[in-house]
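The residues making up each chain are set out below.
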Amino acid sequence: MLQSGALQNLGLILVVYYTGWILYARWLHPLARFPGPPLASISRLWVILHVARGNAVAEQRELHRKYGAIVRIAPNELIINDARSLKTIYGFNSGFTKTDFYLPFRSPFARYPDHFSAIDEQLHAKRRRIVNQMYSMTKVLQAEKYVDNCMDHLLEKFEELAQQGATIDFYQWARMYAYDVVGEFFFGRPFGLLQKGHDFLGYTTATDFLIPVMAVAGVMPSYVRSLFMLGGLIFSRTRKAFKALEQLAHAADVAVEERMDNTKKIDGLPWHPDLLSRVFEIYYREGEALDYKVIDVKMEAFGAFFGGSDTTAISMASIIFYILRDREIYGKVLDEIDTATSKGALSVPHIAYREAVKLPFLSACIKEAMRVHPSTGLTLPRLTPKEGSLISGYRVPGGARIGANAVIVQSDKSVFGGDADEFRPERWLHSGADGLAQYSLQFGAGSRTCMGKHIAMCEIYKVIPQILRTYHLELDSPVKPSLRTTDYWFHKPIDLNLKLRRREVRCPN
């Protein structure tokens, strides 16, 4: 009897508590005046299901259409579609900081938080300064020949497939190319995915398992994550995700240990002209003074494995898709590339980065494709400073989560015009168009801009015109208005199938 009474009392307490919470969250909470789905205002369950469905871009478009510029997607979280607010939230010295959403993405052996998942802005700035210079475009272009090596492997495979009359999944080949470039740039040799013609090391498979689990964990309350991870071990997909994480961490560990064991040294420094050597140079010269240890070298390598490939491959896939979708645009790009080649402005056999960036229409297509189809498809959440902030005309209180989805905000009609949902490269050719770049989240923004940006742009500007110059490409379906995607973290294309055949390169006279 006593036990029954205790249960009744507990039940009553829970009813009173949750009734009180619902009343507070819906009508008294500092974010109560912002509209959104009713469930989202009282529980993070809504946003967890939202991310788990893998269709965030389409769902957030509908949310903004229904509720307006600022939408409440969790009791203490908002999303915006106002591109002019990006500087307020993501700009230098904005006072906004990363939320704990990023913590599940952290390296499993990190001594200090890695550049992506660090939420302490001062610590992030301090650790980033140690390696930032080695990712400059000047340093990247010193290793440009590495991209040429991988491009040769890619074109050799395309040659074989063209002769067979095969249809290719371009995104999968772009991923293998991007991973091999990371191998060349960072470790002095490709991983061999292109030569094998498939992901024999399991790297792309690893990220496919990892990203959905990490993204779902990221939007959970911090006190639930551990239970989610432990409980998830009963599911094969979660077990595979943990195994994939171990695999990537082990690969980074092996690469660093190999370099330490086998590298020839001159005056105590490695001689290989790749990024790992530059990291080791920092370690050998200033490691003690900067508190930079071998484990930090391994973490830099892990970051290259984890973050340097899929984003670039997604950009390559979207650029190719949008160029091919419109035969007039495709013709203009080919004419620009062929004309520049015939005049000697584009080298043969390898196009140089500094040559490709001078092609105005190609550059416009690259910028426009990355605008309409950026690499990430989720909100980039930040915490407002304690004093709060004025965002899109609304006063948002301190400690609230708020962020923008790159796909959504980069189609803001008030900035990009009434045709913002359309792929129109010409918008980047008008006077003052360079100012549109400030409304992009393709590589993040402010102090959290992706350090690998220059590597990605070097790859893209070299490989896209090289492929278009060498092969005639055609979508497998004549009418394909948009790319099918999944949106866990990456805005990942599905089934970008192309037909290809050889073209004749118009060499200079």
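Fair warning: this is a prediction, and the values are worked out from it, not measured in the lab.

Definitions and cut-offs
- Residues numbered from 1 in each chain as written.
- Predicted model: local features only at pLDDT ≥ 70, side-chain atom pairs only at ≥ 80, totals over all residues.
- Heavy atoms only, no water.
- 1 Å grid on protein atoms, 1.4 Å probe; cavity = no way out; pocket = protein on both sides within 12 Å on 5 of 7 lines; lining within 4 Å.
- Points joined across faces, edges and corners; volume = space filled by probe spheres on them.
- Helix = DSSP H or I, 4+ residues; strand = E, 2+ residues; numbered from the N terminus.
- Nonpolar A, V, L, I, M, F, W, Y, C, P; charged D, E, K, R; others polar.
- Buried < 20%, exposed > 50% of the residue type's maximum accessible area, 1.4 Å probe, protein only.
- Pairing = 2+ DSSP bridges.
- Salt bridge = Lys/Arg side-chain N within 4 Å of Asp/Glu carboxyl O.
- Contact = heavy atoms within 4.5 Å.
- Polar contact = N/O pair within 3.5 Å; in protein donor to acceptor, adjacent residues only side chain to side chain.

## A closer look at empty space enclosed by the protein
Across all of its chains, the model carries three cavities of 30 Å³ or more by this definition. What lines the largest cavity is a set of 47 residues, and nearest its centre among them are F116, G307, C450, M451 and G452. When contributions to the lining of the largest cavity are tallied by element, the ones reaching two or more residues are α6 (121-131), α9 (170-187), α15 (294-307), α16 (310-325), β7 (379-383) and α22 (453-470). Here the residues of the lining of the largest cavity are counted per class, giving 23 nonpolar, 16 polar and eight charged. By volume, the second largest cavity is sized at about 110 Å³.

## So, the pairing of β7
For β7, the tally of buried residues reaches four of five residues, placing the bulk of the element in the interior. One ladder, built from two bridges, connects strand β3 (residues 97-98) with β7; its direction is antiparallel. Looking across to β7, one finds that T97 is bridged to L383. Two elements, β7 and strand β10 (residues 401-405), share five bridges in a ladder whose sense is antiparallel. Its bridge partner being in β10, L380 is matched across the sheet by A404.

## With respect to the pattern of salt bridges
A full pass over the atoms with the stated rule returns 28 salt bridges. E368 is the partner of R427 in a salt bridge, and the nearest nitrogen-oxygen pair spans 2.8 Å. Separated by 59 residues along the polypeptide, R427 in the loop between α21 (413-416) and α22 and E368 in helix α19 (residues 360-372) bring together distant segments of the chain. With respect to burial, R427 and E368 carry one shared label: buried. As a salt-bridge pair, D495 and R484 come within 2.8 Å of each other at their nearest N and O atoms. Here R484 lies in strand β12 (residues 484-487) and D495 lies in the loop between β13 (491-494) and β14 (497-502), a separation of eleven residues in the sequence. Looking at D495, the relative accessible area reads 38%, which means it is partly exposed. Each of E368, R371, D419, R424 and R427 takes part in one network of salt bridges that share partners.

## Observations regarding the environment of R128
As for its position among the elements, R128 is in helix α6. What makes R128 buried here is its relative accessible area of 15%. In this structure, the C-alpha to C-alpha distance between R128 and W489, residues 361 residues apart in sequence, is 23 Å. With residues up to four places along the chain from it excluded, the contact list for R128 reads H115, S447, R448, T449, C450 and M451. Separated by 2.8 Å, the side chain of R128 and the backbone oxygen of T449 make a polar contact.

## Observations concerning the side chain of Q442
On the secondary structure map, Q442 appears in the loop between α21 and α22. For Q442, a relative accessible area of 10% translates into the label buried. Side-chain polar atoms of Q442 contact the backbone nitrogen of S375, separated by 3.1 Å. Apart from the residues within four sequence positions on either side, Q442 is in contact with S315, M370, P374, S375 and Q410.

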